[in-house]
Structure formats: structure tokens, C-alpha cells
Amino acid sequence: MALNFNTFITMIKIKVCFVFLFLFSCVSGKAQNDNLGVISFTQNDYQGARQNWSISTAGNGVLYFANRSGLLVFDGTNWKLNKQFNQTTMRSVKVKSDSIIYTGGYMEFGYWKKDQYGNFSYHSLNPKASDFIKVNSEFWDIEIKDDYVYFRSYAQILSYHNDSVVPVELDGYYPVMNTVNDKILVVVQDSGIFEIKQNKAVPFIKDNFFLGKQIKFIIPFINEQVLIGTREHGIFLWDDEKIKVWNSEWTDYFIKNELNRAYLTAENKVIIGTLIDGIVVFDEFGRLESKVNTRNGLLNNTVLGITTDEWQNIWLALDVGIGFVSCNSNRNFTVYKFPIAGAIYSTAIFENKLYLGTNQGLFEKSLDQNDSEIRLVPETQDQIWELKVIDNQLLVGHNHGTFAISKGACKKISKETGGFNFVDDPLNPELIIQSTYNNLVVFIKTAEGVEYKNSIKGFANLIRYIEFDHLGNLWASHLYHGVYKIKLDDQRLRVPEGGVTYYGSDIFGKEDHVHVFKVENRIVFTTGKQIFTYDDIHDSIVEYSKLNEGLGKYKRSHRIIGAPNHHYWFIGKDFIALFSIVMDKVELIREYPTSLFNNMLLVEDFENLLPLSGSRAILCFQNGIAFLDADISYPTVNLINNYTPILRHIELSNNKDVKKILPLNSSDLEIKHAFNNLKLQFSYPLLNDLPIYYQYKLEGLDSEWSGKTKKPLFNLVRLPQGKYTMKVKAVDSWGNESKIYSYPFKVLPPTTASCLAILFYILLLISSFWLFRSRVIRQIRKKEKIEHDKREKELIRLRNEKLRDEVRFKSKELANSTMAIIKKNEFLLNLKKSIETQKVDLGSRYPDKYYNHLIKKIDNNISNQDDWQVFETNFERAYEQFFVKMKTAYPELTSRDLRLAAYLKMNLSSKEIAPLLGISVRGVENHRYKLRKRLKLKHNDSLTDVILSI
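Residues numbered from 1 in each chain as written. Predicted model: local features only at pLDDT ≥ 70, side-chain atom pairs only at ≥ 80, totals over all residues. Heavy atoms only, no water.

K.L.:
Whenever I open this one, the overall build of the protein chain confuses me. Can you help?
P.N.:
Of the regular secondary structure elements, the protein chain holds 14 helices and 65 strands. What you see for the protein chain is a C-alpha radius of gyration of 56 Å, clearly larger than the 30 Å of a compact globule of 950 residues, by over 25%. Considering only C-alpha atoms, the protein chain reaches an extent of 185 × 105 × 55 Å along its principal axes. Within the span of the protein chain, comprising 950 residues, buried residues form 51% of the whole. Once local pairs closer than 6 in sequence are excluded, the contacts in the protein chain between residues at least 24 apart make up 50%. (Helix = DSSP H or I, 4+ residues; strand = E, 2+ residues; numbered from the N terminus. Rg over C-alpha atoms; globule rule 2.2 N^0.38 Å. Buried < 20%, exposed > 50% of the residue type's maximum accessible area, 1.4 Å probe, protein only. Contact = heavy atoms within 4.5 Å.)

K.L.:
Would you take a moment to explain the side chain of Asp897 for this structure?
P.N.:
Mapped onto the fold, Asp897 is located in helix H11 (residues 895–905). Among the residues examined, Asp897 registers a relative accessible area of 1% and is labelled buried. Of the polar contacts made by the side chain of Asp897, one reaches the side chain of Arg934; its length is 3.0 Å. Sequence-distant contacts of Asp897, defined by excluding residues within four places in its chain, comprise His927, Leu931 and Arg934. (Polar contact = N/O pair within 3.5 Å; in protein donor to acceptor, adjacent residues only side chain to side chain.)

K.L.:
Just checking my understanding: could you explain a nonpolar patch on the surface for this structure?
P.N.:
Together, Ile758, Leu759, Phe760, Tyr761, Ile762, Leu763, Leu764, Ile766, Phe769 and Trp770 give the surface a local cluster of nonpolar side chains, amounting to about 990 Å² of exposed area. Secondary-structure assignment places Ile766 in helix H7 (residues 755–842). Look at Ile766 and you get partly exposed, because its relative accessible area is 43%. (Patch = residues over 30% accessible without salt bridge, like charges linked within 9 Å, V, L, I, M, F, W, Y side chains within 5 Å. Areas by Shrake-Rupley, 256 points an atom, 1.4 Å probe, with all protein chains shown as cover. Salt bridge = Lys/Arg side-chain N within 4 Å of Asp/Glu carboxyl O.)

K.L.:
Is there a simple way to think about the layout of surface pockets in this case?
P.N.:
A probe as big as a water molecule, rolled over the atoms, marks out the empty space that is left. Considering only enclosed or pocket space, the second largest pocket measures out at about 1200 Å³ in volume. If you list the elements that add at least two residues to the lining of the second largest pocket, you get strand E31 (344–350), strand E35 (384–390), strand E39 (422–424), strand E43 (463–468), strand E47 (515–519), strand E51 (559–563) and strand E55 (609–611). Considering every element that reaches the lining of the second largest pocket, the biggest residue donor is E51, with five residues. Residues that form the lining of the second largest pocket fall into these classes: 21 nonpolar, nine polar and ten charged. (1 Å grid on protein atoms, 1.4 Å probe; cavity = no way out; pocket = protein on both sides within 12 Å on 5 of 7 lines; lining within 4 Å. Points joined across faces, edges and corners; volume = space filled by probe spheres on them. Nonpolar A, V, L, I, M, F, W, Y, C, P; charged D, E, K, R; others polar.)

K.L.:
Would you explain the sheet that holds strand E46 (residues 500–503) in this entry?
P.N.:
The pairing of strands in a sheet happens through backbone hydrogen bonds and is either parallel or antiparallel. Strand order in the open sheet formed by four strands is E43-E44-E45-E46, and the pairing between neighbours is antiparallel. Two strands close off the open sheet at either side, each with one partner strand: E43 and E46. Between one strand and the next, the sheet's axes are offset by a mean angle of 20°, whatever the strand orientation. Bridge analysis of E43 against strand E44 (residues 474–478) gives five bridges, and the strand direction is antiparallel. Looking at E44, one finds that Glu467 is bridged to Trp475. (Pairing = 2+ DSSP bridges. Axes fitted to C-alpha atoms, helices over the stretch in contact; angles between N-to-C directions.)

K.L.:
Whenever I open this one, the packing of helix H10 (residues 882–889) against H11 confuses me. Can you help?
P.N.:
Across the interface, H10 lies against H11 with an axial gap of 11 Å and an inter-helix angle of 125°. Compared by their axis directions, H10 and H11 come out oblique. As for the relative orientation of H10 and H11, their crossing is right-handed in sense. Mapping the contact onto sequence places Phe882, Phe883, Met886 and Lys887 in H10 and Leu898, Ala901, Ala902 and Lys905 in H11. Tallied by class, residues from the contact of H10 with H11 come to six nonpolar, no polar and two charged. (Parallel < 35°, antiparallel > 145°, perpendicular 65-115°, else oblique. Left-handed = near helix turned anticlockwise from the far one by under 90°.)

K.L.:
Explanation requested: the pairing of strand E20 (residues 225–230) in the structure shown.
P.N.:
For a regular strand, side-chain orientation follows a simple rule: the groups alternate between the two sheet faces. With six of its six residues buried, E20 lies for the most part within the structure. Here E20 shows two buried faces, one formed by Gln225, Leu227 and Gly229 and the other by Val226, Ile228 and Thr230. Pairing of strand E19 (residues 215–221) with E20, which is carried by six bridges, proceeds in the antiparallel orientation. Residue pairing across strands places Ile218 opposite Ile228, the latter belonging to E20.

K.L.:
Help me understand the side chain of Ser159 in this model?
P.N.:
Along the chain, Ser159 falls in strand E13 (residues 157–161). At 2.7 Å, the side chain of Ser159 forms a polar contact with the side chain of Asn199. Discounting chain neighbours no more than four positions away, the residues touching Ser159 are Tyr148, Val149, Tyr150, Ser164, Val165, Val166, Val168, Gln198 and Asn199.

K.L.:
Teacher, can you tell me more about the state of the cysteines here?
P.N.:
Throughout this description, disulfide means a covalent bond between two cysteine sulfur atoms. Taken as a whole and judged by the stated rule, the model has zero disulfides. Cys620 supplies the cysteine sulfur nearest to Cys410, a cysteine that is in no disulfide, at a spacing of 19 Å. The class of Cys410 is partly exposed, set by a relative accessible area of 31%. (Disulfide = S-S within 2.5 Å.)

K.L.:
Please clarify how the nonpolar core should be interpreted in this entry.
P.N.:
Formed by 42 residues in total, the largest nonpolar core has its most connected members in Phe65, Trp315, Leu678, Met726, Tyr743 and Phe745. Not counting residues up to four positions away in its chain, the partners in contact with Phe745 are Leu669, Ile671, Leu678, Leu698, Leu716, Leu719, Gly722, Lys723, Tyr724 and Met726. (Core = buried A, V, L, I, M, F, W, Y, C linked by side-chain atoms within 4.5 Å.)

K.L.:
Is there a simple way to explain the packing of helix H12 (residues 910–917) against helix H13 (residues 921–934) in this structure?
P.N.:
The angle between the axes and the distance between the axes are what describe a pair of packed helices. Relative to each other, H12 and H13 sit at 95°, their axes nearing to 8 Å. Regarding the angle of H12 to H13, the classification is roughly perpendicular. On H13, the residues touching Ser910, Lys911, Ile913, Ala914 and Leu917 of H12 are Val921, Val924, Glu925, His927 and Arg928. The residue makeup of the contact of H12 with H13, split by class, is five nonpolar, two polar and three charged.

K.L.:
In this structure, what is going on with unusual backbone geometry? I would like to understand it.
P.N.:
Peptide bonds are mostly trans, and most non-glycine residues show a negative phi. Residue Asp146 is not a glycine yet carries a positive backbone phi of 55°. Position of Asp146 relative to the elements: it lies in the loop between strand E11 (141–145) and strand E12 (148–152). Of the residues examined, Asp146 reaches a relative accessible area of 63% and is grouped as exposed. At Asn565, a position not held by glycine, the phi torsion is positive, near 60°. Among the structural elements, Asn565 can be located in the loop between E51 and strand E52 (567–571).

This is the structure in C-alpha cells:
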């Protein structure tokens, strides 16, 4: 549980000792410890009220909190709030078993019972205590012994046993009740401590000591002793004979910060919770081991409840939120937040101070325990790129130039903007070379300190890193594009003509983000994919095969930082790794996955750390730093390998979003195909402050494990029929794995593929075959009938066509013969008229004998019966049964009427009819009038239309 850093005191350099004194003490308001094993859970995490009054653990990785809004359950991964039915404030919680949880609050007490689905239902005990419960009672403590459950309010203690509730026989005011050394002890104000046995109380400690003292807690201590905490007098120890002060040197602290709760761990550590300053942890001899409060991670300093889980992690119910303190005192990294600092690009330890080079300026933090603030160094606002201690000065590469700090004074020594990298000149020990936004700058070491000397002529570029090789060549990596090999003159004044060689994508396969470093005095180049090196024999750059093989996946590093004793830090996108490299022997010392740091982000593309020794370093983050100690091996493998993920929720749904919750003990699960969407939720019982991830594989469908996810909620959608086994495992940041949880199940065939369905399909197929056969036969017969009808229709059509042709022909003949008769009669009438005119003109000179003979001949030809017979024959052929129909309909018609009707049927005009009848047009009109009368037509009826319709 210890949060000190005594293991670091063995540092070789005195400045390193200052660092770890800092680690022990810099948990101040501005520098918050985020990873000393402390995690805070907020309302946003658990979705409940801010206040949590009590905690109890089930011993299986599940914790229960008396949240102001109800029973809050945490299974190591998932939070769930079970609200009280009457919305009263919950004050206390006690676990009897994983499925029975007792709670108490304002005028309410009872128990929660878990069903087969993992859900809790509440059962109030108030009805059983209606005769005893006092007005305004709030039940602050719950203790269990054998089959008795005791609920304490300040005014009474109620006992629940054999499904009945009775008050404990005891009078007084009861501020505290607790289980101590397997006894249920209760404090009676100003009287003493009593032991509750079943429904009675007997004196346990009777002493005048309790007069006038406000007791806040009683807890067990070693050797059957009891620790008694008082509000205004500190902590006392009862050793079965007398009461004496415990840890007297801390008494003033306890009184000042108002001790409130206490807890004895399985390791005999005493945890004291206060109302003002969080918790303090002591060993059994009263020596301070650690202190946890808002300065190092808690949301609030008011501690309302304390417990430990089976891994001895500390859980705190706070006035605001919930606190978790890891039991692991053997941590190999510690993270500190500096919210006001910004993104930290470089750090340095100098003159008993920690310096932080950030994007906002240079900050300093004294390593003195009495000074915990970080301060901005005046006149250093803006971007800091590099800090380096050289020749008893701290050189600061700044956006506006370079500064030197010594004895608290800050002096600007160069105006060249964008001071990046500093390296000593191996051929000129008094010189320092610096890369900047534009030029290579030379500084000289003097008795007065480091001073600006000159800028190197003949080369100007945006250079990030520089290194000298053993031949004196200066290697410079551009911030964005490739690498340069530069030959300088001996005086470091200029680059001779032809002294620059560029290496880019033709060598590295890329130009961007290629950086130069030194490993074992050899120039190497990082690309983010593999390492290259300079082959001075052939004057070329080649793959560094031996180093790549030794590094394995870490060859993808893009930053290498040398440390003492042949140690090197390799930094990649998702890892920081420390290696020992001696000659061709490459050995991994320790890996730090970046996921360890609780989402603290490295400064992308400018990742950096400060080696403090061969195995210790300060790592830079955005708004914080981490102290790494690779000498400590974190036992993650043993922790995670001992446990298996636990199934917490099973849910089926169909494609219409109808859901079914299944019991958690469902085995040999058979899922109907209609509900082939399966949701499984898991938790992992190992509770610590390091991130845990989950992977799954659905055997029967997947051949590989899924990617890592933080939420163990898996949705399997539209599963095809078949047998499956859902496998789930937890993994940590190093890739260590838990035991595998297996859940077999079967997705049944769809209803359309069952045996009955198949039988139905067979019958349906047979029926369909017969129906199809019948239909085909009907279709054939129908087709034959259609063809027959078609042929019949064609024959009828042909006959009708023939008849129409015959009718047309007969009509034509009729028309022709009629026209011939009309023309003949017109001629005869004209001839008759001429003869009559001649007779008139000649008188007696034209003998009557001849005149009458001609007129008679003409009249006979006009009314020639033969012409009518020809006409009648042709007319009957064209208009069958016309005369019969006329005679049948109108028997009184004369032959002359029939002739007129026939001419009208042919749609002849009166002018055309007159010659046929041998009368005038007027005579035709008179005859038409007579015919209308015989046909009994009305005034509005058309004679022609009536004749045409017959």
C-alpha cells in the first residue's frame, strides 16, 4: 500500500535522490498524482448520487455501495444502480452472501435478493418492525453474526432473525456498532461498549473513559485488542485491561482533520478516514505508510466508509464519489499531473529543482518537501523544445532563442529561433553544436559559462536531431524530410562546398520522420518501421539487421535515448521499452505499454524522457510526467492468470427488437432461429488500477480472437444455425491473459428447416407436383381449346369475310344495276319529255298514233317488271329477309311501299328514287309521307333511320 519511494534512495547521483524526495512529497494541489494506485469514480462513472455512505464486499470481486440514491453495485467492470422504491436516502449496506444484501436508511431497512437473471429486488423489513421502529430513525450500521442481522440507528438497535424483527434490549444513545474480533460491539454514549448476543446486550468495556467523549469508531486490532477513535481526543487502544493512547504523535492530526472512520486490513494495517484530509495508513506499530487525499487523486477528502477487497485494495465511500487505492506497493511507474503546465517536451533536474520545458514556457518545481508549487520561470513564455544540463548550466532551447540558467538566474545567450538539439563536439570539447529552425549554432564553454560563438555558414535547414559519428561527420535529421551528412571545417565556421550529402526515400523508403541517434557509439536511424545504420566502410546507409532482430517489435521505435551503463530507451507509438545493448547482445529490461498510464498522452512526434540512471527515467506527457523504475518487476502475469471473466447478462433479440433476458445459469442453451441476436455482458473479478481489456472468439464462426476492447459487452448478430462456443478472456497491457471463459450454445434451424417443416415441405412438394401436373393439363387443355376457338374464330372470320365480300359484291351489283335502271329511266323520261314537247310544238302534224305508241313504249320500259325483278333479286342477296321482315312488321304495306322502302334501305335520295318509280320527286315525297303513316312514325322519327335499322 506504500506510496513512498524508499527503493529509489540508492540512486548514484545526488540529484537523483532529490528526485525521489520529490516523488514522496510533491502531491500538491498543482501537481496531482494520478497513478499512485489511486483511481476516483465520479457520478458520470456510476450514474448515481454524489454521496456514498457505506461499502461492503461479497468476496467475489463484487462491491456494494450505500449510495444516496440506492444500492450501487460494481462487479469490477460494470456499474449498476438499484434505486429504492420509496426514494429514501440509503445510509448502510452489508453483504450476507452474493445474493442477499442488507441495506438501511431513513425510516427504511430490508434486504435485496438477486434472481437468476442477476437482477436485485428489494424486500422491506419495515412491516415486521412497525411496532418498534422509532420516528426519524436512520440506520447507519448493519452487522451480521450467525443468523442474526442487526440494524443500528442512534436511538435503537433492531435484530432480524427467523423472519421476525425485535429490538435489542439496551437503553441509551448508540453512535457506533461494529464487528470486532468476531463480536458485535456497540458503543453506548457516556456508558461504555456492550456486546450484543442474540437480542440482548452485555457490558464489554465499562469505564469512566467514555464520559464526555464522542466515539467515532471501534475496530479490531492485533492480539484481540480494540482501537477506539474519538472525535476530540484521538485514538485509544484497549488491551483487555486498560485504555491507553495509540499513536500519540498523530493525535493533533486526528483532532484537526476530524477522524471519522477506521478499518483494519488483513495485513494489520490501520486505515484512518477523516472528514478533512482523506485517509492515512499506518502499520501495526503506528508508523505512517501512506496518505491519500485530493492532492493525490481523491475527488473529496470526506471519508464516509472504508473497506478492502480480497486483493487488499482500499475502497472509500466519499462525500463526493468513490475512491480506489491499489494494494500494489511494488509499482514500477508513477504518474503526476501538472494541469497548468501544458504539453511537456523536456525535463531536467538542476540545482535541486525539477524543470519542465512545455509549450507554454519553462516551469520549475523545487525538490524541497516544504515547497510543492510549480512556477513559471520569468521571461520564458512560449514553446520550449529542449533542456540539457551542460557545464553546470541548464541550457534551454526556446522558440525565441536559447537561454542559460544558473544559480536561479536566466540569461538569453542566443537569438537563433527554435533551439532544438544540443550535442558536444567530440573533436572540440569546448564547443557545443545546436540545431535550430534555420542554422547550426556553435556555443563555447567559458569560465563565465556557455556563450554564443557563431552560426555555421553554408547550411541552413529545419533540423531536429544531430549526432557526430566517430569520423567527425555531423548527421542531421530534418524535422520532416530525410537526413543529411555534413562535413564541417575544423573551426566549425562553415560547411565546405560539396560537404552535404542528402539521404531520403531511396534509402529509407520514406522521407518523413526519419531521425538520427547513437547506439553504442554507432549512428542509427529510426523510421518507425525498422532501424538503419551508417556503414562507414562503404560510406552508405544500410539496414541494421542485428539490432532489428534483437529488438523485435521495438524496431518500430522512432526515438532512442541513451542512458548510463549501456542502457537505451526506445519510444514508439504505443510503448516505451528499456534495453541493455552491449556489442551485439540486445536484452529487453522492461516494457511500458502506453496504455498503462490511464490515458495520459505522450507529446506526439516529440516523445521524450530524461534518464536518471541506467534503469530510471522521467517520461514526458501532455500535462504531466511519469517516473519509471525498471528495476521493479510488476507481477501482472500472476495476477491476471488466476481469474476467469464472469458472465453477467444474457439477452436474446429478434430483428424486430423484441428482447428476452435469460437466466445466468442457462446451460446447453438452444436459441430459436428467430431470436438469433445474442448479447453477452461480462466482468472480470480482478480489481486493480491498471487497465484490463477483453477479447472474444466465437468458435464455429471465428478462427481468430477479436481485437481488444475495454467494454466486455459483445453483440452477436444474425447468427446462422449451428453449434457455437463463445470464448472470452481478459488481457492486460503487456498481453498477459486470464483464464478463458467458455459458453457453448446452439442456434436452432429456422422453423422453415425443422423436421416437421421438412415433412410439410415434402407433402407440399408432392401436392405442388400434382397441382402443377393438374395445372399443366388444364393449361394444355385450355391451350388446345384456345387454339380450337382460335381456329373456329378464324373460320368464322373467313366465312364472315367471304360473306362481307359477297355482300359487298352483291351491294355493288345492286348499286350498279340500280344506277343502270336509274339512268335508263332518266333517259326514257327525258325522251318522253322531248316527245311531249315535240307533240306540243307540232300539234296535229305529229300524228297521235305515233305519239301514243312511243309514249306507251316508254312508260312500259320505265315500269318494266323485268327491271324490278333484277333489282329485287340483287336486293335480297344484299339484304336478306328485308321484305319478309317488313311484311311481318307491317302487313298493310303495298308492293309499291316495299319498293320505296327498298330504295330507302339503299340510302337513295328522293331525286334518285323518282326515276326508279317513274314519278316526280314530289311524287316520291308524297309516297314517303304515306309510308310514314303506314309505319305509324311520330313526327320526330326519321323514316330513313327506321328503314336502315331493319
